[in-house]
Amino acid sequence: QVQLVESGGDLVQPGGSLTLSCAASGSIVRINDMGWYRQAPGKQREMVASIIDGVSPSYGDSVKGRFTISRDNVKKTVYLRMNSLKPEDTGVYYCRLNLKSYSLGYYQNYWGQGTQVTVSS
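Residues numbered from 1 in each chain as written. Predicted model: local features only at pLDDT ≥ 70, side-chain atom pairs only at ≥ 80, totals over all residues. Heavy atoms only, no water.

### As for the environment of S103
When you line up the elements, S103 lands in the loop between strand 9 (91-101) and strand 10 (107-111). Separated by 75 residues in the primary sequence, S103 and I28 place their C-alpha atoms 8.6 Å from one another. Side-chain polar atoms of S103 contact the side chain of S101, separated by 3.2 Å. (Helix = DSSP H or I, 4+ residues; strand = E, 2+ residues; numbered from the N terminus. Polar contact = N/O pair within 3.5 Å; in protein donor to acceptor, adjacent residues only side chain to side chain.)

Right, here's the structure in full:
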């Protein structure tokens, strides 16, 4: 059984910073790509950032230059460092990991439970 546990969401003032983390556990063979998505009230879920080993990370246009995604393969964890936060960054942030587990034997997407980020004064 694979589980993803997110943490780091909080209420922060505009211009502030937060770091989100998403740790995977269970019978994991290998993790392919990792990513962060967010969903604001009344809007569709959108890709924020993604990272694959050996490839430059990708970012959504609205967060380029402010957010940084990174991964620790030993800890099976993906991070999202968010700087210069704006009210429009408010939403529920979800991590997604594409990984292969011993039980299934093929790659599949797994999603975290979501963590709330609120940017407000």
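Let us keep going from here.
### Some details on the packing of aromatic side chains
In the structure shown here, the tally under the stated rule is one aromatic pair. R45 extends its terminal NZ or CZ atom over the ring of Y94, reaching a point 3.9 Å from the ring centre. Of note, R45 hangs over the ring of W111, and the distance from its end group to the ring centre comes to 4.8 Å. (Phe/Tyr/Trp six-rings, centres within 6.5 Å; stacked < 30°, edge-to-face > 60°. Lys NZ or Arg CZ within 6 Å of the ring centre and 35° of its normal.)

### As for unusual backbone geometry
One non-glycine residue with positive phi stands out, namely K76, at about 55°. The topology assignment puts K76 in the loop between strand 7 (67-72) and strand 8 (77-82). According to the relative accessible area criterion, K76 is partly exposed, its value standing at 27%. Of note in this structure, S84 is not a glycine but carries a positive phi near 50°. (Buried < 20%, exposed > 50% of the residue type's maximum accessible area, 1.4 Å probe, protein only.)

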